[in-house]
Amino acid sequence: MSDVSLVLRSTRVITPEGTRAASIAVAGERIAAVLPYDARVPPGARLEDAGDDVVLPGLVDTHVHVNDPGRAEWEGFWTATRAAAAGGITTLLDMPLNSLPPTTTAAHLRTKREVARPKAHIDVGFWGGAVPDNVKDLRPLYDAGVFGFKSFLSPSGVDEFPELDQEQLSRSLAEITGFGGLLIVHAEDPSELAAAPQRGGPAYADFLASRPRGAENAAITDLIAQARRLDARVHVLHLSSSDALPLIADAKRDGVRITVESCPHFLTLTAEEVPDGATEFKCCPPIREAANQDALWQGLIDGTIDCVVSDHSPCTTDLKTPDFASAWGGISSLQLGLPAIWTEARRRGRPLEDVVRWMSTAPAALAGLTRKGAIEAGRDADFAVLAPDETFTVDPARLHHRNQVTAYAGRTLYGVVRSTWLRGTRIVHDGALAEPVGRLLERTN
C-alpha cells in the first residue's frame, strides 16, 4: 500500500457485494483496495471523508449525441462532458450521427477524436455507424477502436445517416458478427410508422398516435429473427414500448444474444402529463402512458431491460417549435439522469444499488469497459459522491448543456451530486468543475 495517494472514506460505499462503510484506497488512477472504514491511512496519502454521503461508481452513459463537429451549436464535447461530470457520469460513448461528418468511416472517426480530445472533462468513447453504403468500412472502424455500430430501421432525422432496410441490415449484421462486433439498433418499423395517422400541430396525443407501439414491436421482432439466424449480438436502443418485453424475454431465454436499454424520460415522464405544444418532451420513440411506464419498470426490475442511459439528444432552442411534427425529437437529460431515476426508484421502493447496476455496471458491461462500472480493486478510481436524501428543483439556467432546454424544468428531484472523481482526480466539487482531464477510449476486447 506504499503507493496509495488517496483514501476516500464514507459510511456508505456501494460495492459489488453491497453497501457498507469503507475506505477506498487509490493508487495512481486505479482502486488499490476497498478497506474497512477505520483502516489506517497509509503514510503520505490524502484522506477525503465523505461522511454519510454515498460513494458510488461513476456512471457510464453509452447513449449520448454530442453533435460535435458540424452541429456544435446543438451541443459539443466541452459542454456535454461538463454536464455529464456534474451529473456523476465519468464515461460516455458518443453516437455516430448528428455530427458532420457522421462516424461512418475510420477517417471520420479520426476527425471526431481530434475535436473531442482537448475538450473532454470525462472519458469518452465512440460508436461507429452502420448505413446502407458502408459495409466495407465496418471492419476498419472496428479496428480503429469503436465500441460497436449504430443503425436505424426507420429514418434517423438527418439525411447523412440513412436507415437500413431488412436486406441491408442482414448484410451489415453478418459483417459485424464475422468479427465479433455489436450492433445497436433504433428499432421502429417504417411501414408501421407510415400506416399510422400523421397529423401535425401542438397536440401530444396526435404525435403519440403517429409513433405507435406496434412500430417498435415489429422492428424488434425482425431484429430478434436476424440475430437468431446469424447468432449475432444486438442491442435495442431506448425501448419505450412495454409490449415488446415478452418478445425480448422469450428471446433471451432462447439464447438470443440481445440486450436492451431504456431511458430516464420513459421511466420518469408520462404522456398524460405532457402539455400540448411542449415539444421539449418530444423524442422518438415517444414518451408513453403511465401504465406502459409501470410495465417498463417491471421489465427493468426483472432484468428484461438491462440498463438505463440518457439518449441525450439536444438541439438549439429554435428547433423546439410548438408543432410536434416539425420540432426536433430529442430530450436533454445528461446532467439529470441520476437524480431523475433515483427519485422514481425510491418512490417505487427500489434501492440505490439498483440504480448503480442499471446506470453504471450494466452499461460498462455492454460496452466491454472492464475498468469502469464498479468500486473494486483494479478498476479505475471513478466515483460520484451523492447526497441521496437532499432535493433540488431543476433550473434550466444552472445546467451545463449548451442549450438549456429540458423536459425536467421545475421538477423537484432527489439526489445532489457533491463531487465527481475521474481516475482519482476530483473533477467536480460542490458544483465547480476542474479543467478537462478526460481521455479518449478505444475498445480493447
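Look a little higher up for the structure.
Scope of this entry: the structure provided in the associated data block. (Residues numbered from 1 in each chain as written. Predicted model: local features only at pLDDT ≥ 70, side-chain atom pairs only at ≥ 80, totals over all residues. Heavy atoms only, no water.)

### Section: the packing of helix H4 (residues 166-178) against helix H7 (residues 213-230)
The N-to-C vectors of H4 and H7 enclose an angle of 40°; their axes lie 11 Å apart at closest approach. Classified by the angle between their axes, H4 and H7 sit oblique to one another. As for the relative orientation of H4 and H7, their crossing is right-handed in sense. Touching Gln166, Leu169, Ser170, Leu173, Ala174 and Thr177 of H4 are Asp222, Leu223, Gln226, Ala227, Arg229 and Leu230, all from H7. (Axes fitted to C-alpha atoms, helices over the stretch in contact; angles between N-to-C directions. Helix = DSSP H or I, 4+ residues; strand = E, 2+ residues; numbered from the N terminus. Parallel < 35°, antiparallel > 145°, perpendicular 65-115°, else oblique. Left-handed = near helix turned anticlockwise from the far one by under 90°. Contact = heavy atoms within 4.5 Å.)

### Some points on the environment of Leu93
Along the chain, Leu93 falls in strand E7 (residues 89-94). You can call Leu93 buried: its relative accessible area is 0%. Each C-alpha atom, one on Leu93 and one on Phe147, is 8.3 Å from the other, the two residues being 54 residues apart in sequence. Setting aside anything within four residues of it in sequence, one finds Leu93 in contact with Asp61, Thr62, His63, Val64, Gly125, Phe126, Trp127, Phe147 and Ala367. (Buried < 20%, exposed > 50% of the residue type's maximum accessible area, 1.4 Å probe, protein only.)

### Describing helix H8 (residues 245-253)
Within H8, the full set of buried residues consists of Leu245, Ile248, Ala249 and Ala251. One side of H8 holds all its buried residues, which, seen down the axis, span an arc of 160°. Where H8 is buried, its residues meet H7, strand E13 (257-262) and helix H10 (290-302). Looking one or two residues past H8, Gly255 carries a phi angle of roughly 90°, positive in sign. (Arc of directions from axis to C-beta.)

### Examining the packing of aromatic side chains
Applying the stated rule across the entire model yields ten aromatic pairs. On the basis of an interplanar angle of 35° and a centroid distance of 4.6 Å, the ring pair of Tyr142 and Phe179 is categorised as tilted. One end of the pair, Tyr142, is in helix H3 (residues 135-143); the other, Phe179, is in the loop between H4 and strand E11 (182-186), and 37 residues separate them in sequence. The exposure classification of Tyr142 matches that of Phe179, with both residues buried. Ring centres of Tyr204 and Phe324 lie 5.3 Å apart, and the angle between their planes is 70°; on these two criteria the pair is classed as edge-to-face. Highlighted residues: Tyr204 in helix H6 (residues 204-210) and Phe324 in the loop between strand E14 (307-308) and helix H11 (337-347), separated in sequence by 120 residues. Take Tyr204: its relative accessible area is 3%, and that puts it in the buried class. Joined through ring pairs, the aromatic side chains of Tyr142, Phe149 and Phe179 make up one cluster. Lying over the aromatic face of Tyr37, Arg9 brings its terminal NZ or CZ to 5.3 Å of the ring centre. A cation over an aromatic ring shows up here: Arg71 above the ring of Trp74, its NZ or CZ 5.4 Å from the ring centre. (Phe/Tyr/Trp six-rings, centres within 6.5 Å; stacked < 30°, edge-to-face > 60°. Lys NZ or Arg CZ within 6 Å of the ring centre and 35° of its normal.)

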